[in-house]
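These are the residues of each chain, in order.
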Amino acid sequence: TDLLKNADIAMFSAKQNGKNGVVTFDESLSKNIEYRLFIQQGLKSAIQGKQIAAFFQPIVGEKGEILAVEALARWHIPSHGPISPDKFIPIAERTKHIHDIGLLMLDEVCFALKACETWGFFNIKFNLNMSAVQLQNDGVVGLFAERLDFHNIDPKRIVVEITESTLQSSKAREVLTKIKALGVIISIDDFGTGFSCISELADETYDAIKIDRSLLPAFPLQSKQEKRRALIIENVVSMCVKLGMP
């Protein structure tokens, strides 16, 4: 019985890694599978119980002013503690719970935006991450329009962030264009490390980019490689400014 169970765990792990692979069972595999099942089984109740909430991270300008606030999905289980987004987001995408999380995050952003307005902050934008899985569903456009109308939100105050890998899907591009038509700002996240190329900047769908931190040089600029990194960043920023992409 144990042999068959362990073989099944190894087979499941091999499938998760893609085709034509071989996985040898060890105890860590069993723990990983149990943890994934723990997350998978807890996602639905976590969404219903609002254990998954938005944590807000400020985006600060050169003079120290807050230009925008990024909403980050965080899950805390009272009896267990925090669950890393790296662990639960991929599972939420596979189980389609990501659609419910996306709607929850959109509502949280809208509530936070209206709260900021009562405090006198009328120009701060709110950044919201969307995955390729969410952008495979045409219904997300209607949900966006409905929630923005319900909360009386100016679409230009919302920035949707997508990763470069998302742009490889024609369906995702199509849905993203429809969201853009609502007046929402579109930003490419982690730019420079994914599958897209510099020509993406010519596409009018995208209003801004966020350069991936792995491209940033270490200061002070001592090595030749760090100086080259700095030159790349300087030229990308200069190009985006000329294109009107902050």
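Data block above holds the structure.
Let me begin by describing the structure that accompanies this report. The structure displayed is predicted, hence computed values, not measured ones.

As a further point, take the overall build of the chain. A count of helices and strands for the chain gives 7 helices and 7 strands. Helices (α) and strands (β) of the chain occur, in sequence order from the N terminus, as α-α-β-β-β-α-α-β-α-β-α-β-β-α. Expressed along its principal axes, the backbone C-alpha trace of the chain runs to roughly 65 × 50 × 35 Å. Buried positions account for 38% of the 246 residues belonging to the chain. Contacts in the chain between residues at least 24 apart in sequence constitute 62% of all its contacts with a sequence separation of at least 6. Counting 28 positive and 30 negative side-chain charges, the chain places the centres of these two groups 2 Å from one another.

All right, on to the pairing of strand 2 (residues 66–77) then. The side chains of a regular strand alternate, residue by residue, between the two faces of the sheet. In this structure, strand 1 (residues 52–60) lies alongside strand 2, joined through 9 bridges in antiparallel fashion. Directly across from alanine 54, in strand 2, lies its bridge partner alanine 73. Taken together, strand 1 and the strand that follows it, strand 2, pair antiparallel across an intervening segment of 5 residues, in which glycine 64 is found at a positive phi of about 90°. Direction of pairing for strand 2 relative to strand 3 (residues 81–83): antiparallel, over a ladder of 3 bridges. Residue pairing across strands places tryptophan 75 opposite isoleucine 83, the latter belonging to strand 3. Hairpin geometry of strand 2 and strand 3 is characterised by an intervening segment of 3 residues between the two adjacent antiparallel strands.

Next up on the list: a nonpolar patch on the surface. Among the surface-exposed residues, Ile198, Met239 and Leu243 lie close enough to one another that they form a single nonpolar patch of about 260 Å² accessible area. Within the fold, isoleucine 198 resides in the loop between strand 6 (185–191) and strand 7 (208–211). Judged by its relative accessible area of 48%, isoleucine 198 falls in the partly exposed class.

We now examine helix 5 (residues 139–150). The end-to-end C-alpha distance of helix 5 is 16 Å, a good match for the 16 Å that 12 residues give at a rise of 1.5 Å each. Buried within helix 5 we find Val140, Val141, Phe144, Arg147 and Leu148. Considered in projection along helix 5, the buried side chains sweep an arc of 135° and stay on one side of the axis. Along helix 5, exposed side chains directed more than 90 degrees from the buried face belong to Asp149 and Phe150. Positive phi appears at asparagine 152, one or two residues downstream of helix 5, with a value of about 55°.

On to the environment of lysine 63, then. Tracing the backbone through its elements, the reader meets lysine 63 in the loop between strand 1 and strand 2. The exposed category is assigned to lysine 63, whose relative accessible area is 78%. The spacing of lysine 63 and isoleucine 91 is 28 residues in sequence and 40 Å in space, taken between C-alpha atoms.

Below, the discussion takes up the nonpolar core. If you look at the biggest cluster of nonpolar residues, it comprises 54 residues, and the most contacted ones within it are Ile52, Phe144 and Ile179. Here the element with the most residues in this core is helix 4 (residues 98–118); it accounts for 10 residues. Once residues within four sequence positions are removed from consideration, isoleucine 52 is found in contact with Leu43, Ala46, Ile47, Ala73, Arg74, Trp75, Phe88, Ile101 and Leu104.

Phi is positive for lysine 96, which is not a glycine, with a value near 70°. Judged by its relative accessible area of 48%, lysine 96 falls in the partly exposed class. Residues other than glycine seldom take positive phi values, yet aspartate 190 does so here, at roughly 55°.

For isoleucine 158, the position within the fold is in strand 5 (residues 158–163). Judged by relative accessible area, isoleucine 158 falls into the buried class, the value being 0%. If near-sequence neighbours (up to four positions away) are discounted, isoleucine 158 is found in contact with Val109, Leu113, Phe126, Phe144, Leu148, Ile153, Val184 and Ile185.

With that out of the way, let us pick up the packing of aromatic side chains. All told, the structure shown has 3 aromatic pairs when counted by the stated rule. With 5.9 Å between their ring centres and 85° between their planes, phenylalanine 56 and phenylalanine 126 make a pair best called edge-to-face. In this pair, phenylalanine 56 sits in strand 1 while phenylalanine 126 sits in strand 4 (residues 125–129), placing the two residues 70 residues apart along the sequence. The class for phenylalanine 56 is partly exposed, based on a relative accessible area of 36%. Overall, phenylalanine 126 belongs to the buried group, its relative accessible area being 1%.

Rules behind the numbers
Residues numbered from 1 in each chain as written. Predicted model: local features only at pLDDT ≥ 70, side-chain atom pairs only at ≥ 80, totals over all residues. Heavy atoms only, no water. Helix = DSSP H or I, 4+ residues; strand = E, 2+ residues; numbered from the N terminus. Buried < 20%, exposed > 50% of the residue type's maximum accessible area, 1.4 Å probe, protein only. Contact = heavy atoms within 4.5 Å. Lys, Arg positive; Asp, Glu negative; His and termini not counted. Charge placed at Lys NZ, Arg CZ, Asp CG, Glu CD. Pairing = 2+ DSSP bridges. Patch = residues over 30% accessible without salt bridge, like charges linked within 9 Å, V, L, I, M, F, W, Y side chains within 5 Å. Areas by Shrake-Rupley, 256 points an atom, 1.4 Å probe, with all protein chains shown as cover. Salt bridge = Lys/Arg side-chain N within 4 Å of Asp/Glu carboxyl O. Expected span 1.5 Å × (residues − 1). Arc of directions from axis to C-beta. Core = buried A, V, L, I, M, F, W, Y, C linked by side-chain atoms within 4.5 Å. Phe/Tyr/Trp six-rings, centres within 6.5 Å; stacked < 30°, edge-to-face > 60°.

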